[in-house]
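In case you want the letters, here they are:
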Amino acid sequence: MKHRFITDQTRRIAVANAAPLRIALRWVYKNKTLPQQARTLAMLRLAEMPATTSQFRLKPMCVVTGRQRAVVGDYGVSRLIFRADALSGYIEGVQKAMW
């Protein structure tokens, strides 16, 4: 379980470090007013970057259990932990629906 957390943290650090360069290269590549040669060079530099630095390769992960499926985005925990905490009253403003 611990290796998942370590791998996730290293990926998030790599994405954060590469984000400014990726944003700049993407802006140059999509800007139609720039010369074609500059846009092509930006596209090639983007293709040369490691795939693990892409933000779309990150997966949401529960901070308690490390589960990658069914993570409640606002709270950062899986649905199982969210339900248990909500029923116990640890999450303020959340209660079981009754109708």
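Every chain is numbered on its own, with residues counted from 1 as its sequence reads. With pLDDT at 70 or above as the cut-off, local features in this predicted model cover only qualifying residues; side-chain atom pairs require 80 or more to be listed or tallied, and sums for whole chains, interfaces and linings still use all residues. Computation of side-chain values: all heavy atoms of the structure, hydrogens and water removed.

**Comments concerning helix α2 (residues 36-48)**
Secondary structure elements follow DSSP: runs of H or I no shorter than four residues count as helices, runs of E no shorter than two count as strands, and numbering proceeds from the N terminus. One fewer than the residue count of a helix, multiplied by 1.5 Å, yields its expected span. In this model, α2 (13 residues) spans 18 Å end to end at C-alpha, consistent with the 18 Å of a helix rising 1.5 Å per residue. Whether a residue is buried, partly exposed or exposed follows from its accessible area with a 1.4 Å probe, protein chains only, as a fraction of its type maximum: under 20%, in between, or over 50%, in that order. Within the sequence span of α2, burial applies to R39, A42 and L46. Projection of α2 onto a plane perpendicular to its axis shows the buried side chains occupying an angular sector of 60°, all on one side. For α2, exposure combined with an orientation more than 90 degrees from the buried face picks out Q36, Q37, A47 and E48. In the core, the buried residues of α2 are packed alongside α1 (2-30). The arc in question is formed by the directions pointing from the helix axis toward the C-beta atoms. Two residues form a contact once any of their heavy atoms are found within 4.5 Å.

**So, the environment of T33**
On the secondary structure map, T33 appears in the loop between α1 and α2. According to the relative accessible area criterion, T33 is exposed, its value standing at 71%. Between the alpha carbons of T33 and L46 there is a distance of 19 Å; along the sequence they are 13 residues apart. Polar contacts involving the side chain of T33 include one to the side chain of N31, which spans 2.7 Å. Think of a polar contact as two N or O atoms within 3.5 Å of one another; within protein, one of them needs to be a possible hydrogen donor and the other a possible acceptor, and neighboring residues in sequence only count if both atoms come from side chains.

**Section: the packing of α1 against α2**
Interaxial angle, 0 to 180 degrees, is taken between N-to-C directions of lines fitted to C-alpha atoms, where a helix line uses only the stretch in contact. Between α1 and α2, whose axes approach to 8 Å, the crossing angle comes to 145°. Once α1 is placed against α2, the crossing between them reads as left-handed. Of α2, the residues touching α1 (which contributes L21, R22, L25, R26, V28 and Y29) are A38, R39, A42, M43, R45 and L46. A per-class count over the contact of α1 with α2 returns 8 nonpolar, no polar and 4 charged. With the far helix as reference, a near helix turned anticlockwise by less than a right angle produces a left-handed crossing, and one turned clockwise produces a right-handed crossing. Three residue categories are used. Nonpolar comprises Ala, Val, Leu, Ile, Met, Phe, Trp, Tyr, Cys and Pro, charged comprises Asp, Glu, Lys and Arg, and polar comprises the others, including Gly.

**Points about a positive patch on the surface**
Taken together, the side chains of R11, R57, K59, R67, R69 and R79 make up a positively charged region of the molecular surface. In this structure, R11 sits in helix α1. Residues forming no salt bridge and having over 30% relative accessible area are the ones grouped into patches, like charges within 9 Å of each other and nonpolar side chains (Val, Leu, Ile, Met, Phe, Trp, Tyr) within 5 Å. Using the Shrake-Rupley algorithm and a 1.4 Å probe, accessible areas are obtained, with residue cover drawn only from the displayed protein chains. We count a salt bridge whenever a side-chain nitrogen from Lys or Arg sits within 4 Å of a carboxyl oxygen from Asp or Glu. This count recognises Lys and Arg as positive and Asp and Glu as negative, with His and chain-terminal groups excluded. Working definition for charges: the position is that of NZ of Lys, CZ of Arg, CG of Asp or CD of Glu.

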